[in-house]
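So the chains spell out like this:
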Amino acid sequence: MSRIKIINFGPIHSTPDNDWIDIKKVTVFIGNQGSGKSTIAKLISTFMWMEKVLVRGDFKEKEFTASKFRNTYCGYHRMSNYFRKNDTEIFYEGEAYSFTYTKEDQLILQRTNQKVGSYALPQMIYVPAERNFLSIINKPKLIKELPDALLEFL
């Protein structure tokens, strides 16, 4: 089972003693609007993708830097401005890899003891709530600056 712990990222204001969130086959987040439910789901989706492409061999570990994580992978979900200087920490423990984003702006990858052959490639996708917007718009492909996640969903 995978799990995640998020400290001071976007709408999530937390302390280091917060509990881990276990990620099961079905994980449901319930909370007020703007409380960070989608942020958590986006981070889980990002880390699961990173783990998956590393196990498959599509990327090498050295290709995952803090800068690329912040700007490219979190930027895909428009979360690159969620990082708080010297205050954000994110921990993800997956089946094959663990990822730690530190306050010092470092991304640390660690291979777990899990054998690659026993790693089940996840079938995970984050579907943005804004997808409902697409159903009422005529020719949504013509909209300028549509987020990448919505373009792919489209």
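Quick caveat, the model's predicted, so the values are computed rather than measured.

Draft legend 1. Region of the structure containing the packing of aromatic side chains. Enumeration according to the criterion identifies 16 aromatic pairs in this entry. Cluster of aromatic residues (ring-pair linked, three or more members): Phe 9, Phe 47, Phe 69, Tyr 82, Phe 83, Tyr 92, Tyr 97, Phe 99 and Tyr 101. Its guanidinium or amino end placed over the ring of Trp 20, Arg 3 lies 3.9 Å from that ring's centre, counting from NZ or CZ.

Draft legend 2. Main features of the pairing of strand β3 (residues 89–93). Alignment of strand β1 (residues 2–7) against β3, held across five bridges, turns out to be antiparallel. Bridge pairing links Lys 5 to Phe 91 in β3. One ladder, built from four bridges, connects β3 with strand β4 (residues 97–101); its direction is antiparallel. Within the sheet, the bridge partner assigned to Ile 90 lies in β4 and is Tyr 101. Here β3 folds back onto β4 in antiparallel fashion, the turn holding three residues.

Draft legend 3. Structural detail: the environment of Lys 103. When you line up the elements, Lys 103 lands in the loop between β4 and β5 (107–111). Separated by 35 residues in the primary sequence, Lys 103 and Lys 68 have C-alpha atoms spaced 16 Å apart. Sequence-distant contacts of Lys 103, defined by excluding residues within four places in its chain, comprise Asn 86, Asp 87, Thr 88 and Glu 89.

Draft legend 4. Just the nonpolar core, in detail. Counting residues in each nonpolar core, the largest one holds 30 residues, and the members touching the most others are Ile 4, Leu 43, Phe 47, Phe 69 and Ile 90. Among the secondary structure elements, those contributing two or more residues to this core are β1, α1 (37–56), α2 (66–76), β3, β4 and β5. The element that contributes the greatest number of residues to this core is α1, accounting for nine residues. Aside from chain neighbours lying at most four places away, what touches Leu 43 is Ile 4, Ile 6, Phe 9, Phe 69, Cys 74, Met 79 and Ile 90.

Draft legend 5. Representation of α2 within the structure. Buried within α2 we find Ala 66, Phe 69, Arg 70, Tyr 73 and Cys 74. All buried residues of α2 fall inside an arc of 130 degrees around its axis, so they share one side. Those residues of α2 that are buried lie in contact with α1, β3, β4 and β5. Arg 78 sits one or two positions beyond α2 and adopts a positive phi of about 55 degrees.

Draft legend 6. Summary view of the confidence of the model for the protein chain. For the protein chain, the average pLDDT comes to 86, and 90% of its residues sit at 70 or higher. β4 holds the highest mean pLDDT among the elements of the protein chain, 97, whereas helix α3 (residues 131–136) holds the lowest, 68.

Draft legend 7. How the structure looks around the packing of α1 against α2. Contact pair α1 / α2: the axes reach a minimum separation of 10 Å and the direction vectors enclose 110 degrees. Taken together, the axes of α1 and α2 lie roughly perpendicular to each other. Along the contact surface, α1 presents Leu 43, Thr 46, Phe 47, Trp 49 and Met 50, while α2 presents Phe 69, Tyr 73 and Cys 74.

Definitions and cut-offs
- Residues numbered from 1 in each chain as written.
- Predicted model: local features only at pLDDT ≥ 70, side-chain atom pairs only at ≥ 80, totals over all residues.
- Heavy atoms only, no water.
- Phe/Tyr/Trp six-rings, centres within 6.5 Å; stacked < 30°, edge-to-face > 60°.
- Lys NZ or Arg CZ within 6 Å of the ring centre and 35° of its normal.
- Pairing = 2+ DSSP bridges.
- Helix = DSSP H or I, 4+ residues; strand = E, 2+ residues; numbered from the N terminus.
- Contact = heavy atoms within 4.5 Å.
- Core = buried A, V, L, I, M, F, W, Y, C linked by side-chain atoms within 4.5 Å.
- Buried < 20%, exposed > 50% of the residue type's maximum accessible area, 1.4 Å probe, protein only.
- Arc of directions from axis to C-beta.
- pLDDT = per-residue confidence, 0-100.
- Axes fitted to C-alpha atoms, helices over the stretch in contact; angles between N-to-C directions.
- Parallel < 35°, antiparallel > 145°, perpendicular 65-115°, else oblique.

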